[in-house]
Amino acid sequence: MNAGEIVLYHHGSSTCASKVRFTLMEKGIPWTGRYVDILKGEQFTDEYLALNPKAVVPTLVHGGRVLVESTVVCEYLEDAFTDVPLMPRDPFERAQVRLWTKLVDEELQPAVKYITYASCHRHIVRRMPPEKLKEFMEGPPGPAESRVTGDPNWVQNKRAIVEHGVHAPGVAGKFRLYDRVLGQMEEALTRSSWLVGEQFSLADISLTPYVNRLSMLGMTELWEGKRPRVSDWFARVQARPSFKPCFPDQCPPDLTADLNRFGRQTWPEVKELLAESNH
């Protein structure tokens, strides 16, 4: 069942949207993009909220039917377009894939905004004119932000992150989480070429946006020279023909430059935090 046009509402830097783009491109599925500029608040328009009440990307429309939640969308595409399978046939391995995607949904995705804000976005926010910055720091720029993020404390935490960076409460724990997951990946890759078995799967697709975010922030020292199997895995992911059009080509150049510049500036502090936690 694969009849009908596919339209993907997405943003270039969204980790969740990139998972769906990656799945579409790996499976060779034609799609039409509708860019939603989440940095300008376009996800809060009435038109978009009618499609996705959570005001997040991605949203996929297939033959007029709307699907949300990136992991669910990826599994839907796997079921609807079977020519290029991205799930193992073995039931046990399929379960292992779902454990990785569950880890992403429950832990890595909620943490990525903390890491990105603490490393980069806090500096972008400070470019605002004084009145706009004051408004931003005193309350959410959109009336639905706390509800949308699923984190009732996000607005308050965001203010602390803008002020204190990686030293804001809770941020160090998010970096430790990413470091721990990279360790889990290294261990998994001792047993197989990809995260689950010898087949590139939705597990690899699911983890790629989060490793790539660390790479864009100039924090590859988390695995380079430290976790050789993760280094090899990410190099093989980057070499796939779908990677460049899905990731680097989709992120706005000015945002790519900011992520790299500010991330590299922040890395020494992150490295120190991680070193302290290992003592």
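Residues numbered from 1 in each chain as written. Predicted model: local features only at pLDDT ≥ 70, side-chain atom pairs only at ≥ 80, totals over all residues. Heavy atoms only, no water.

A. Main features of the overall build of the protein chain. Each helix and strand counted, the protein chain has twelve helices and four strands in total. For 279 residues, the compact-globule estimate of 2.2 N^0.38 gives 19 Å, and the C-alpha radius of gyration of the protein chain, at 19 Å, lies within 12% of that figure. Structurally, the protein chain occupies a C-alpha span of about 55 × 50 × 30 Å along its principal axes. Residues classed as buried in the protein chain amount to 51% of the 279 residues present. In the form shown here, the protein chain has an accessible surface area of approximately 13,400 Å², with 53% of it arising from carbon and sulfur atoms. Taking the average place of the 34 positive charges on the side chains of the protein chain and the average place of its 36 negative ones, the gap between the two points comes to 1 Å. (Helix = DSSP H or I, 4+ residues; strand = E, 2+ residues; numbered from the N terminus. Rg over C-alpha atoms; globule rule 2.2 N^0.38 Å. Buried < 20%, exposed > 50% of the residue type's maximum accessible area, 1.4 Å probe, protein only. Areas by Shrake-Rupley, 256 points an atom, 1.4 Å probe, with all protein chains shown as cover. Lys, Arg positive; Asp, Glu negative; His and termini not counted. Charge placed at Lys NZ, Arg CZ, Asp CG, Glu CD.)

B. Looking closely at the nonpolar core. Membership of the largest hydrophobic core comes to 77 residues, with the highest contact counts inside it found for Leu-77, Met-185 and Trp-233. If one sorts the elements of this core by residue count, helix α4 (residues 91-125) sits on top with 13 residues. When near neighbours in sequence (up to four residues on either side) are disregarded, Leu-77 contacts Ile-6, Val-20, Thr-23, Leu-24, Lys-27, Ile-29 and Leu-60. In terms of nonpolar packing, the next biggest core, distinct from the first, is built from seven residues, Val-7, Ala-17, Val-57 and Val-61 among them. (Core = buried A, V, L, I, M, F, W, Y, C linked by side-chain atoms within 4.5 Å. Contact = heavy atoms within 4.5 Å.)

C. View of helix α12 (residues 253-277). Its 25 residues give α12 an end-to-end C-alpha distance of 34 Å, which sits within 8% of 36 Å, the value for a rise of 1.5 Å per residue. The largest bend in α12 comes to about 40°, at Trp-267, with the proline Pro-268 one to four residues further on. Among all positions in α12, only Leu-255, Asp-258, Leu-259, Phe-262, Gly-263, Thr-266, Trp-267, Val-270, Leu-273 and Leu-274 are buried. Elements that come into contact with the buried residues of α12 comprise α4, α8 (171-188) and α9 (202-216). (Expected span 1.5 Å × (residues − 1). Bend = angle between axes of the 7 residues up to and from the residue.)

D. Representation of the environment of Lys-54. Here Lys-54 lies in the loop between α2 (46-51) and β3 (59-62). Each C-alpha atom, one on Lys-54 and one on Glu-69, is 9.8 Å from the other, the two residues being 15 residues apart in sequence. A polar contact is formed between the side chain of Lys-54 and the side chain of Glu-69, at a distance of 2.9 Å. (Polar contact = N/O pair within 3.5 Å; in protein donor to acceptor, adjacent residues only side chain to side chain.)

E. Molecular detail of the packing of helix α1 (residues 15-26) against α4. Orientation of α1 relative to α4, taken along the N-to-C sense of each, is 125°, at an axis distance of 10 Å. On the basis of their axis angle, the class for α1 and α4 is oblique. Facing α1, whose interface residues are Thr-15, Cys-16 and Lys-19, α4 presents Val-104, Asp-105, Gln-109 and Val-112. Looking at the contact of α1 with α4, its residues break down into three nonpolar, two polar and two charged. (Axes fitted to C-alpha atoms, helices over the stretch in contact; angles between N-to-C directions. Parallel < 35°, antiparallel > 145°, perpendicular 65-115°, else oblique. Nonpolar A, V, L, I, M, F, W, Y, C, P; charged D, E, K, R; others polar.)

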